[in-house]
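Fold and contact review
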Amino acid sequence: MVGERYEVEIGPVAHGGHCVARTTLAGEERPRVLFVRHTLPGERVVAQVTEGDAASRFLRADAVEVLEPSPDRVPAPCPFSGPGACGGCDWQHVAPGAQRRLKVEVITEQLARLAGLTPQEAGWNGTVEPAPGDKLPKGEVPAWRTRVQYAVDQDGYAGLRRHRSHEVQRIDRCLIAAPGVSELGIESREWPGVAGVQAIAATGSSDRQVLVEPEPGERLPIVELDKPVSVLRIDEHDGGVHRVHGRGFVRERADGRTYRVGSGGFWQIHPKAPDVLVEAVMQGLTPRKGEMALDLYCGVGLFAGAIAERVGERGAVLGIESGKRAVEDARHNLRDLERVRVEHGKVETVLPRTGITEVDIVVLDPPRAGAGQQTVTHLASLSPRRIAYVACDPAALARDLAYFREAGYRPRFLRAFDLFPMTQHVECVAILEPVKQGA
C-alpha cells in the first residue's frame, strides 16, 4: 500500500510526532487508522502511505498536500524538512507556541491512558515551559542542539537520516544545531570511507569534539575542520571509542560545578537543560543537611553533585550508573565530595546488593524505556520522603507513575519543559511523595 494516497481529516496529535486520521479503504467496513506526519489537528490533507500493507493494524503516512491548513501552520524555516526529507525535526511546520500546546496534549493523553491521572491529580498546571531564551518570534528557530549525529552517504557527504529510514538527506546546515556545532563545518567537507560523524560542542567550555565511525575495513581519514577540535574514532568491532588527538572528553558546567564528559558520553543536549533540570529537581526534593540520597542512572554525576552540595558533610549520596566510562567520569567529577559514592552496574542489580533499607530522597533519570515495576517497587520499600523522576518520554513516565501509585506514592507536582524545540520530544520532572493514610 506504500505510495497510495487518501484525502483525510486530521484528528488529535499522538505520541510519536504524528497525528491520527481514519479512512475507510475499498472493500473494508471499519475505518483504517493512519498515523500522519507533517500535519496538524483539524487539517484536511492528502496523506500518502509510507509504511503498511493490507494486513497492517495501522498505516503510516505523510501529508503531501494540505487542502485546509490549521491556523497554527507556518512555512517550515528549514529547507530540508518535510515529507521524504530529514527526519530530525517533527514540527518545523508548526508555530512555536502551538508546538508546546501539542506536547501538552500528548502528556495529558499519556497520563490519562497509562497512569489514570488528570493533570490536576498529577500536580501539573498543564503547560510546557520553554527553556530560557528559546521563546522566539514565529519563523525563527532556536539553535539548541549541542550534539548532532550525522550520517554519511555513499558519496562521502554528511547529512541526517530520513524518518524511519537508513537513507541520508544531504544538508548544508542544520538550523537547530548549536553555533559551536555549525562552526565545525561538518557538512562542507567530504568524509570518504566514513559511516557516521558525531559533533559535540560543550557549553561549559570551548571544547569541541568529533567522533568518527569508519566504514568496516576503512582507515580513518585525516580530519581537518574549521575550528580546533578533538577527534575520536569509534571501533567497528566493539563500538569502543579511541582518542586520535586532543582531549578524550569535553568539559561541561552546571549548578556551579564543572563536569568531565568522556567519549561522547551522555549529557543533556540543550545548553540550558542541565541547570533547568537541576533547579526543578532541587526545588522538588528540598534536600536537607545530613540526609541520605540516591541518584539512579546517574550518568556523570549531575544530580549527585547538586544533592551532595546541599546535604553537606553529614549527608551521603550513592549514585548508580551502568556505563563504565560515565562511572569513571562521575567519580572524577565528584572526587572532592567525600560522602559521595558511585557504583557501576544496572540499577535493578546493584541497588538490592547495597543493603540499603532506608533513604531520605531519591532522584532517577532512567533511559527512554523508564525504570520499570521492579525498580519502582524497590524504591518505595526504602520509604523516601520524596522522589524526583526525570523523564524524557511521557509514556514511560506515565507507566512508572502507575507503578508508584500501586506502591503507595503519588505525584506532588509535575513540570514539563520544551528542551527539544521543533521535535515531538519533551522533558518532564515529577516529584512524588508517600500517600498519607486515609488520603
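Small disclaimer: the values here were computed from a predicted structure and weren't measured.

With that settled, the discussion passes to unusual backbone geometry. The residue Arg 164 is not glycine, and still its phi comes out positive at about 50°. Relative to the helices and strands, Arg 164 is located in the loop between strand 8 (158-161) and strand 9 (168-170). You can call Arg 164 exposed: its relative accessible area is 51%.

The full count for this structure, using the stated rule, is 26 salt bridges. The shortest N-O distance in the salt bridge between Glu 9 and Arg 44 comes to 2.9 Å. Taken together, the positions of Glu 9 in strand 1 (residues 5-14) and Arg 44 in strand 4 (residues 44-51) put the pair 35 residues apart, joining distant regions of the chain. Since its relative accessible area comes to 23%, Arg 44 is described here as partly exposed.

What follows is about the sheet that holds strand 5 (residues 58-68). Spatially, five strands are ordered 1-2-3-5-4 in a closed barrel, and the strand pairing comes out mixed. Mean inter-strand twist for the sheet, computed between neighbouring axes without regard to direction, equals 50°. Inspection of the sheet shows strand 4 paired to strand 5 by seven bridges, in the antiparallel sense. When the sheet's bridge partners are listed, Arg 44 is paired in strand 5 with Glu 68.

To describe two helices that pack against each other, one gives the angle between their axes and the distance between the axes. In contact at an axis separation of 9 Å, helix 7 (residues 373-381) and helix 8 (residues 394-406) are set at 40° when each is read in the N-to-C sense. One finds that helix 7 runs oblique with respect to helix 8. Every pair of crossing elements has a handedness; the one defined by helix 7 and helix 8 is right-handed. Only Asp 400, Tyr 403, Phe 404 and Glu 406 of helix 8 make contact with helix 7, whose side of the interface consists of Gln 373, Val 376 and Leu 379. Broken down by class, the residue content of the contact of helix 7 with helix 8 amounts to four nonpolar, one polar and two charged.

Turning to the packing of aromatic side chains, a few remarks are in order. Given two aromatic rings, their pairing is described by the distance between the two centres and the angle made by the two planes. If you walk through the whole model with that rule in mind, you get five aromatic pairs. Where Phe 404 meets Tyr 409, the ring centres are 6.5 Å apart and the plane angle is 65°; that geometry is what we call edge-to-face. Exposure remark for Tyr 409: the relative accessible area of 4% places this residue in the buried category. Lying across the ring of Trp 191, Arg 189 places its NZ or CZ 4.1 Å from the centre. For Arg 260, the ring lying beneath its charged end belongs to Phe 249, and the centroid distance is 5.6 Å.

This paragraph deals with helix 4 (residues 302-311). In an α-helix, one turn spans 3.6 residues; hence positions three or four apart end up facing the same way. For helix 4, a buried count of eight out of ten residues is recorded, marking the element as mostly surrounded by other parts of the structure. Trailing helix 4 by a residue or two, Gly 312 shows a phi angle of about 75°, which is positive.

Another point: the environment of Glu 9. Since its relative accessible area comes to 42%, Glu 9 is described here as partly exposed. C-alpha of Glu 9 to C-alpha of Arg 37: the two residues are 28 residues apart in sequence and 13 Å apart in space. If we ignore the near neighbours within four places in the chain, the residues touching Glu 9 are Ala 21, Gly 42, Glu 43 and Arg 44. A distance of 2.9 Å separates polar atoms of two side chains, one belonging to Glu 9 and the other to Arg 44.

Hydrogen bonding along the main chain pairs the strands of a sheet, whether they run parallel or antiparallel. Pairing in this open sheet of seven strands is mixed, and the strands run 9-8-7-10-11-12-13 from one edge to the other. Strands with a single pairing partner mark the edges of an open sheet, and in this sheet they are strand 9 and strand 13 (241-245). Taken pair by pair, the neighbouring strands of this sheet meet at an average axis angle of 35°, ignoring direction. Relative to strand 12 (residues 230-234), strand 11 (residues 208-214) runs parallel, the two sharing four bridges. Across the sheet, the residue bridging to Leu 211 is Leu 232, located in strand 12.

What follows deals with the nonpolar core. The nonpolar side chains of soluble globular proteins are, as a tendency, buried together. Among the nonpolar cores identified, the biggest contains 79 residues, and Tyr 150, Ile 186, Trp 191, Val 281 and Ile 307 are the most heavily contacted of them. Counting residues per element, this core draws most heavily on helix 3 (residues 273-285), which supplies eight residues. Other than its neighbours up to four places away in sequence, Trp 191 contacts Val 152, Gly 156, Ala 158, Ile 186, Val 197, Val 212, Val 223 and Leu 225. If you look at the next biggest cluster of nonpolar residues, it comprises 38 residues, including Trp 124, Ile 320, Val 376 and Tyr 409.

By secondary structure assignment, the location of Gly 42 is in the loop between strand 3 (32-37) and strand 4. Owing to a relative accessible area of 49%, Gly 42 belongs among the partly exposed residues under this scheme. C-alpha of Gly 42 to C-alpha of Glu 9: the two residues are 33 residues apart in sequence and 6.7 Å apart in space.

Next up on the list: the side chain of Gln 268. Relative to the helices and strands, Gln 268 resides in the loop between strand 15 (257-262) and helix 3. Dropping the residues within four chain positions of it, Gln 268 is found in contact with Thr 146, Ala 273, Pro 274, Leu 277, Asp 365 and Glu 427.

What counts as what
- Residues numbered from 1 in each chain as written.
- Predicted model: local features only at pLDDT ≥ 70, side-chain atom pairs only at ≥ 80, totals over all residues.
- Heavy atoms only, no water.
- Helix = DSSP H or I, 4+ residues; strand = E, 2+ residues; numbered from the N terminus.
- Buried < 20%, exposed > 50% of the residue type's maximum accessible area, 1.4 Å probe, protein only.
- Salt bridge = Lys/Arg side-chain N within 4 Å of Asp/Glu carboxyl O.
- Pairing = 2+ DSSP bridges.
- Axes fitted to C-alpha atoms, helices over the stretch in contact; angles between N-to-C directions.
- Parallel < 35°, antiparallel > 145°, perpendicular 65-115°, else oblique.
- Left-handed = near helix turned anticlockwise from the far one by under 90°.
- Contact = heavy atoms within 4.5 Å.
- Nonpolar A, V, L, I, M, F, W, Y, C, P; charged D, E, K, R; others polar.
- Phe/Tyr/Trp six-rings, centres within 6.5 Å; stacked < 30°, edge-to-face > 60°.
- Lys NZ or Arg CZ within 6 Å of the ring centre and 35° of its normal.
- Polar contact = N/O pair within 3.5 Å; in protein donor to acceptor, adjacent residues only side chain to side chain.
- Core = buried A, V, L, I, M, F, W, Y, C linked by side-chain atoms within 4.5 Å.

Worth remembering: the numbers are spatial, not functional.
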